[in-house]
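Chain residues, written in single-letter form:
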Amino acid sequence: MTNKIAVLGAGSWGTALAMLAARNGCQTLLWGHHLAHIETLKRDRENRRYLPNLPFNENLTLTADLGEVAAFSDLILVSVPSHAFKDTLQKLKPLVSENVKIAWATKGFNKENGGLLHEIVAEVFGSQTPAALISGPSFAKEVAADLPTAIAIAATQPEFAAQLATIMHSDRFRAYTNNDLIGVEVGGAVKNVMAIAAGIADGLGFGANTRAALITRGLNEIIRLGVQLGGKQDTFMGLAGLGDLLLTCTDNQSRNRRFGLALGQGKSFEQAKEEIGQEIEGVSAAKQTFLLAQKFGIEMPITEQTYKVLYEGLAPREAVQNLLAREQKAES
């Protein structure tokens, strides 16, 4: 097993994963594309912007040079926003060896065509390149603080999933392997849409009953789309499905939930976005999920109403009313 890993993306989640690997005894290189930000992290030995008062382990080093990343390790974990995922891989490709292994903790869809991120990895590096995804209910701050967490790792090759699990696993961080890459990807992407919806409902003051209904019916939407795309239904009842959905819809550490809360409280799209100040993956995911539902003829009413709030200016209260006014039907 390699004792080196390079992590791309010096935001909250990439930093937290790099801190985890370093804490577990792995020589870890964290890359960020803003040189000034990386120099600040080097000076402070912590990410004060996103994860204050959580110092770096001595095993963690930093760089803004992708060439240094490629020379450091053949195992690379990508944690950049989904809109930058393909561009980052394309810049990395000419620098790495043919033995490279690509993992990612990014949750979302291909912004160009709504495809899944493993398809981008195969397009850029070839289908034979080992590829793996880390997903599940995990807030960056709690991982960085070494609070108990459990996640799922799905890979194109079981050996790679096991290797990543060994690097990440500790007495405070349980890494379960999973053989359903598609299901894990879909669960991680679409839960952000549902978190915005749950935040909107809470921002409107609709209470716990509404939130529980949205989570439950939202899970049904995720399952419908995930199975259509080739995922396994059981996956969505696990960490990368229900677990991640519950976390993101119910705790205000979730950017997507806070964004929805702001919209429900009457703030504009731009006001809510500025208030969060970080990437809100559910905004782009709502568009791609809605388009996929249209493409495959899948009924996804929560996704549809969320899309209309974000992209068509529908009032949040009217969106919830549209859901409640739907024709009565059997649950299953």
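Everything that follows concerns the structure shown earlier in this document.
In what follows, the accompanying structure is described. A quick note: this is a predicted structure, and the numbers were derived from the prediction, not measured.

Rules used in this analysis
- Residues numbered from 1 in each chain as written.
- Predicted model: local features only at pLDDT ≥ 70, side-chain atom pairs only at ≥ 80, totals over all residues.
- Heavy atoms only, no water.
- Salt bridge = Lys/Arg side-chain N within 4 Å of Asp/Glu carboxyl O.
- Buried < 20%, exposed > 50% of the residue type's maximum accessible area, 1.4 Å probe, protein only.
- Helix = DSSP H or I, 4+ residues; strand = E, 2+ residues; numbered from the N terminus.
- Core = buried A, V, L, I, M, F, W, Y, C linked by side-chain atoms within 4.5 Å.
- Contact = heavy atoms within 4.5 Å.
- Pairing = 2+ DSSP bridges.
- Right-handed = clockwise from strand over helix to strand, strands pointing away.

### Looking at the pattern of salt bridges
By the definition in use, this model includes 16 salt bridges. The salt bridge involving Asp-202 is made with Arg-211; its shortest N-O contact spans 2.8 Å. Asp-202 sits in the buried class, given a relative accessible area of 15%. Classification of Arg-211 as partly exposed rests on a relative accessible area of 24%. Residues Glu-299 and Lys-329 are paired through a salt bridge, measuring 3.1 Å at the closest nitrogen-oxygen approach. Here Lys-329 lies in the segment after α15 (316–324) and Glu-299 lies in the loop between α13 (281–296) and α14 (301–311), a separation of 30 residues in the sequence. The network of salt bridges with shared partners includes Arg-43, Asp-44, Glu-46 and Arg-48.

### Some points on the nonpolar core
Judged by nonpolar contacts, the single largest core of 42 residues is most densely connected at Val-190 and Phe-259. Mapped by element, the contributors of at least two residues to this core are α8 (181–203), α9 (207–228), α10 (239–250), α11 (255–264), α12 (269–276), α13, α14 and α15. Sort the elements by how many residues they give to this core and α8 lands first, with eleven residues. Among residues more than four places away in sequence, those in contact with Val-190 are Phe-109, Ile-222, Leu-225, Thr-289 and Met-300.

### A word on the pairing of strand β2 (residues 27–31)
Looking along a regular strand, one sees the side chains alternate between the two faces of the sheet. The buried fraction of β2 is high, at four of five residues. In the sheet, strand β1 (residues 4–8) pairs with β2 via five bridges, with the strands oriented parallel. Paired with Val-7 across the bridge in β2 is Leu-30. Of the crossover connections in this fold, the one passing from β1 over helix α1 (residues 12–23) to the parallel β2 is right-handed. Bridging between β2 and strand β3 (residues 60–63) involves four bridges; their strand directions are parallel. Across the sheet, Leu-30 pairs through a bridge with Leu-62, a residue of β3.

### Quick notes on unusual backbone geometry
Even without being glycine, Arg-45 reaches a positive phi, approximately 55 degrees. Considering the arrangement of structural elements, one finds Arg-45 in the loop between α2 (35–44) and β3. You will see that Asp-146, though not glycine, has its phi angle at about 65 degrees, which is positive. Mapped onto the elements, Asp-146 comes out in the loop between α6 (140–144) and β7 (149–155). Overall, Asp-146 belongs to the partly exposed group, its relative accessible area being 26%.

### Overview of the environment of Val-100
As for its position among the elements, Val-100 is in the loop between α4 (82–92) and β5 (101–104). Residue Val-100 is classed as buried on the basis of its relative accessible area of 3%. Taking C-alpha positions, Val-100 is 4.4 Å from Asp-74, a pair spaced 26 residues apart along the chain. Those residues in contact with Val-100 that lie beyond four places of it in its chain are Asp-74, Ile-76, Phe-125, Thr-129 and Pro-130.

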